[in-house]
Amino acid sequence: MDLDLDLLSKARRSVRNLPTYDAGISIDRFSSSDNPRVIHNLSVNENPFGMSPRALAALQVAVQTGAIYPDGDCFYLREKLGEKLGVAPERIIAGNGSEDILSLICKVFINVGDKVLIPKPTFSLHHIYAAMMDAEVIEVPIDSALNFNATRWLETLRSLHQLKILMLANPSNPVGCSLTHTELSLMVNACPSDTLLVIDEAYVEYAAHEPEFPRVFEILQNQERPWIVLRTFSKAYGLAGMRVGYGICSHSTITNLLNRVRTPYNVNRLAQIAAIQSLDDQQHLAKTVQFTVSEKDRMRDEILSWGIAVAPSSTNFLFIDIEAPSIKVANYLLSQNVMVKAWRGVGYESFIRVSIGHQYQNELLLRNLKNYLSEQILNFPVAL
Ligand SMILES: *Cc1c(COP(=O)(O)O)cnc(C)c1O
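(A) Just the sheet that holds strand S8 (residues 245–249), in detail. Taken together, seven strands build an open sheet; the order of strands is S2-S8-S7-S6-S5-S3-S4 and the sheet is mixed. Two strands in the sheet have a free side with no partner beyond their single neighbour: strand S2 (92–95) and strand S4 (136–141). Across the sheet, the axes of successive neighbouring strands diverge by a mean angle of 20 degrees, strand direction being ignored. On the sheet, helix H7 (residues 150–159) packs against strand S3 (115–120), S4 and strand S5 (165–169) and is oriented at approximately 170 degrees with respect to S3.

Structure, rendered in C-alpha cells:
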C-alpha cells in the first residue's frame, strides 16, 4: 500500500486539497558566516525603519522575564487599545499576528458549505482558512483598472440570499487599492442582514490620511449585524517578527467565542510589551507613514511612466503587471539581491508585489526592474 496516499486519506477532507501558505524564503537562508550576502527583502511589506526605539528598549529589559508565562488575557494591551479606540476591552481580542485571529474566526463560525465572499486576488489566508473549514468560497474579481469593482460587489451581495462571512482586506493585499467610505457603506448595507463582516485593515495606518478612506467604525457602529475589524502591529508598527495583531468585535459575545478556540497564551510576553510601547510612540509611526507614502507615490509615478501598469495603492507596497511570468523577474531581481513577491494566483501570474523599503533599496529595485524590462520588452522606452 502507498503509505503517503494512506496518510493523506486520514486527513480531514478539506485539508487534503488545501494549499500551503506561500510565506517565501527567509532572508536568513541566503547568508552564512562564510558567505555573507545582503538581501533587500521587498517581498513581505515590513517596515524598513524597524520597530519603535521605545519598544526595543523595553524588550531588552523584558527578555530577562522569558521564564514567566505571558498574560493569557493580554489585559494591559487590550486595555490600552480600548482606551485609544473608545471601545470596551471585552470587545477586543489579541492574536499571534492578525492571521491567528483570522483562523479563529473561521474555526468558530464556518460550518460545512457556508458561503464566504472574498475579493480576487486577496490575502491568501482569507481563502485558505475558509477552505480549511469546508466553506464555499466565492470570489469577486478586481476590475481592469486594478481597483475594487464596487458595482460588481453590490450586484453580487444583493444576489446572495445567504452569506455567512464577507471577508475583505481594505486596503487590499496584494493589490493595494482601497474602497471609498461611500462604497464600503453601500456594500455593508447590501449584505444579507445576518452576514458577519470581517474587515481586515492590516494597512490602515498608511491609508488613514486619505480623505475618502472609510472611517470603518462610523460605518459599522449603527449596524445590527456582527462584525470584526482586524488590525496588526506587523506592518506600519514594524513588529512583524514579534507576532501581534488584534480584532475589534461588534459584541463581546464574539470575543468570548473566539477565546474558546484560541491557544491560551497565543500572544507571547515580548510581543505584548512591544505592542504596548509602540502605541505610545506615535512619532515613529508618523515618520514611517510619511516617508513610505511619499516614496510609494514617487515609485508608482516612475513605473507608470515606463508604460507599465501599477495598481492604485493605499499601502506600503505596489502591485505591478510586468506582462511576463513574474517568477522570472522575481528570480532575476533576487540575483541582484532584491527580493519581491511573484504572485502565483491564477490570472495574476504576471504581477509582482513590491514593498516600499529605504530609498536606496527602492532605487536598486527600480534600476534592476528597468534593466530587466528593457531587455525583455521590445518596445520598452529604454531612453527614459
Ligand atoms: C500582513 C497581513 C496580515 C497578517 O499580519 P500578521 O503579521 O499576522 O499580523 C493580515 N491581513 C493582511 C491583509 C495582511 O496583509
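(B) The arrangement of unusual backbone geometry in detail. Residue Asn170 is joined to Pro171 through a cis peptide bond whose omega torsion reads 0 degrees. With respect to the helices and strands, Pro171 occurs in the loop between S5 and helix H8 (181–190). Backbone geometry places Asn45, a non-glycine residue, at a positive phi of 60 degrees. With respect to the helices and strands, the residue Asn45 is situated in the loop between strand S1 (40–41) and helix H3 (53–62). The class of Asn45 is buried, set by a relative accessible area of 1%.

(C) Structural context of the sheet that holds strand S12 (residues 341–342). Ordered in space as S9-S10-S13-S12, the four strands form an open sheet in which the pairing is antiparallel. Only two strands of the sheet have a single neighbouring strand rather than two, namely strand S9 (309–310) and S12. Examined bridge by bridge, strand S10 (residues 317–321) and strand S13 (residues 351–355) share five bridges and lie antiparallel to one another. Among the inter-strand pairings, Asp321 is bridged to a residue of S13, identified as Phe351.

(D) The arrangement of the layout of surface pockets in detail. Volume-wise, the largest pocket comes out at about 990 Å³. Elements with a minimum of two residues in the lining of the largest pocket: helix H5 (98–109), helix H14 (326–335) and S12. No other element matches the four residues that H14 contributes to the lining of the largest pocket. A breakdown of the residues in the lining of the largest pocket according to their chemical character gives 16 nonpolar, 12 polar and nine charged. Each of domain 1 (24–45 + 282–376) and domain 2 (53–279) contributes no fewer than three residues to the lining of the largest pocket. Within this model, the second largest pocket holds a volume of roughly 580 Å³. In terms of lining residues, the second largest pocket is bounded by 26 residues, among which Pro19, Ser124, His127, Trp343 and Gly345 are the most central. For the lining of the second largest pocket, the secondary structure elements donating two or more residues are S3, helix H6 (124–132) and S12. If you tally residues by element for the lining of the second largest pocket, the top one is H6, at four residues.

Criteria and thresholds
Residues numbered from 1 in each chain as written. Predicted model: local features only at pLDDT ≥ 70, side-chain atom pairs only at ≥ 80, totals over all residues. Heavy atoms only, no water. Pairing = 2+ DSSP bridges. Helix = DSSP H or I, 4+ residues; strand = E, 2+ residues; numbered from the N terminus. Axes fitted to C-alpha atoms, helices over the stretch in contact; angles between N-to-C directions. Contact = heavy atoms within 4.5 Å. Buried < 20%, exposed > 50% of the residue type's maximum accessible area, 1.4 Å probe, protein only. 1 Å grid on protein atoms, 1.4 Å probe; cavity = no way out; pocket = protein on both sides within 12 Å on 5 of 7 lines; lining within 4 Å. Points joined across faces, edges and corners; volume = space filled by probe spheres on them. Nonpolar A, V, L, I, M, F, W, Y, C, P; charged D, E, K, R; others polar. Domains from an automatic or database assignment.

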